[in-house]
Amino acid sequence: MSESIIPQPYLLFLGDAPDALAAKVALGIKQWRPHLCVGQLSLPGCQADCGLPEMSLAEAWAAGARTLVIGVANRGGIIAPGWISLLKEALELGMDLAAGLHNRLSDVPELKETADRLGRALFDVRHPTRTFAVANGRKRAGKRLLPVGTDCSCGKMYTALALEKSMQERGMKATFRATGQTGILISGAGVSVDCVVSDFVSGAVEWLSPENDADHWDLIEGQGSLFHPSFAGVTTGLIHGAQPDALVLCHEPTRSHMRGLPEYAVPDLEACMAANLLTARLTNPAARFVGISVNTAKLPEAEALALLADIEAKFGLPTVDPVRQGVDRIIDAL
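What comes next concerns the included structure. Given the structure is predicted, the values throughout are model-derived calculations rather than measurements.

Within the open sheet, the six strands sit side by side as β7-β8-β6-β9-β10-β11. Their pairing is parallel. With partners counted over all chains shown, the strands left at the sheet margins are β7 (173-177) and β11 (319-320), one partner each. Sheet topology places strand β9 (residues 246-251) next to strand β10 (residues 288-294); six bridges connect them, and they run parallel. Paired with L249 across the two strands is I292, which belongs to β10. Set on the sheet, helix α9 (residues 269-280) makes contact with β6 (143-149), β9 and β10; between it and β9 the angle comes to about 145°. Helix α10 (residues 301-315) contacts β10 and β11 of the sheet and is inclined by roughly 165° relative to β10.

It is worth spelling out the layout of surface pockets at this point. For the second largest pocket, the calculated volume is near 320 Å³. Forming the boundary of the second largest pocket are 19 residues, of which I5, H127, P128, T129 and G190 lie nearest the centre. Looking at the lining of the second largest pocket, the element that brings in the most residues is strand β5 (residues 122-124), giving three residues. Looking at side-chain class alone, the lining of the second largest pocket contains 11 nonpolar, five polar and three charged residues.

Next up on the list: the nonpolar core. In globular proteins that are soluble, nonpolar side chains generally tend to be buried together. Counting residues in hydrophobic clusters, the biggest one holds 70 residues, and the most contacted among them are L68 and L87. What L68 contacts, discounting residues up to four positions off in sequence, is L11, F13, L57, L86, L87, A90, M95, D96, L97 and A98. Counting 29 residues, the second-largest nonpolar core is a separate cluster that includes I220, A287, L308 and I311.

Scanning the entire structure with this criterion turns up three aromatic pairs. Between F13 and W83, the aromatic rings sit 5.3 Å apart at their centres with planes inclined by 90°, giving edge-to-face as the arrangement. Of the two residues, F13 is situated in strand β1 (residues 10-15) and W83 in the loop between β3 (67-70) and α3 (84-93); the sequence distance between them amounts to 70 residues. The residues F13 and W83 share a single accessibility class, namely buried. Aromatic pair W32 and Y158: ring centres 5.0 Å apart, planes at 75°, arrangement edge-to-face. One end of the pair, W32, is in helix α1 (residues 24-32); the other, Y158, is in helix α5 (residues 156-169), with 126 residues separating them in the sequence. Among the residues examined, W32 registers a relative accessible area of 12% and is labelled buried. The exposure class assigned to Y158 is partly exposed, which follows from its relative accessible area of 23%.

Turning our eyes to something else, we now look at the pattern of salt bridges. A side chain with one charge may pair with a side chain of the opposite charge, provided their charged atoms come close. Within the structure shown, the criterion is met by 18 salt bridges. Between E164 and R33 there is a salt bridge; the shortest N-O distance is 3.2 Å. Highlighted residues: E164 in helix α5 and R33 in the loop between α1 and β2 (37-42), separated in sequence by 131 residues. Like R33, E164 is buried.

Most peptide bonds are trans, and most residues other than glycine sit at a negative phi. A cis amide bond, omega 0°, links Q8 with the succeeding residue P9. Summarising the element assignment, P9 is placed in the segment before β1. With a phi close to 50°, S153 is a non-glycine residue in the positive phi region. Locating S153 in the fold gives a position in the loop between β6 and α5. Its relative accessible area of 45% is what places S153 among the partly exposed residues. Despite not being glycine, Q243 shows a phi value in the positive range, around 50°. Assessed through its relative accessible area of 0%, Q243 is described here as buried.

Calculation criteria
Residues numbered from 1 in each chain as written. Predicted model: local features only at pLDDT ≥ 70, side-chain atom pairs only at ≥ 80, totals over all residues. Heavy atoms only, no water. Pairing = 2+ DSSP bridges. Helix = DSSP H or I, 4+ residues; strand = E, 2+ residues; numbered from the N terminus. Contact = heavy atoms within 4.5 Å. Axes fitted to C-alpha atoms, helices over the stretch in contact; angles between N-to-C directions. 1 Å grid on protein atoms, 1.4 Å probe; cavity = no way out; pocket = protein on both sides within 12 Å on 5 of 7 lines; lining within 4 Å. Points joined across faces, edges and corners; volume = space filled by probe spheres on them. Nonpolar A, V, L, I, M, F, W, Y, C, P; charged D, E, K, R; others polar. Core = buried A, V, L, I, M, F, W, Y, C linked by side-chain atoms within 4.5 Å. Buried < 20%, exposed > 50% of the residue type's maximum accessible area, 1.4 Å probe, protein only. Phe/Tyr/Trp six-rings, centres within 6.5 Å; stacked < 30°, edge-to-face > 60°. Salt bridge = Lys/Arg side-chain N within 4 Å of Asp/Glu carboxyl O.

Written out as structure tokens, the structure is:
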């Protein structure tokens, strides 16, 4: 599972993104896999910037780009009609296309016909193209770490990628295993588990993180939260299939409620850890927390550091903001 299924390097398409958040896919690829990016392509009015050279399709092809990645998400996750002629031109130049939108590239007749005629590939990474077996829960060789969260979008993917980078820099065997569309586009492979039929989510994660060397760590991208009414089912299946040896709790401390649900409060850290341990120990009785990752981006430095120290004192686990401080202390706990 470590080899990319998407031809590299990439040209990142930013479209007419109104802000950086709308281009978070492209920004994530640039941050974590800069060596795979030859440039960016923006449309008039774009307010996002990856800091890459602005290129035309022809310039990017000449520079070696082999896949145009749609790195922008518009409202509804659709392929905008105004993009289609440009995407078709990329196919005609020789590039493949990749996207993680709800709307499939392969459902756009003009793109499907062009790709089929020219032998190009359309990678709709949000939508699995294979089936998975039902999970068996059997212990498999190798080690696995899973970030889990008090809520959605609180740093689980960032934490897993930061751990992979730092562990590899130490010479450790470590591989990021993507379970969402942005992670797949960053790593080039994976399974978007929120689009897997519910009975097969755990089996998909078992397939994604197969047996490995005894000292190899799979860093499995977490999804959702056991405390989020909309996504707890996906989280549960992912935890059971991951069979994590190590868990990292991810938290964003300034939220007043669960993302998108004002009537649901963010859970207490202790309750969240207890629920995740109980769930994880169904398929790995030895599962344990090794650290806490806190997104303190909205706090001033002094307040952030004080909060991290308070949480660490309470739980006795290395507690870090991976952006401000890195994740080395969590790796030490492994």
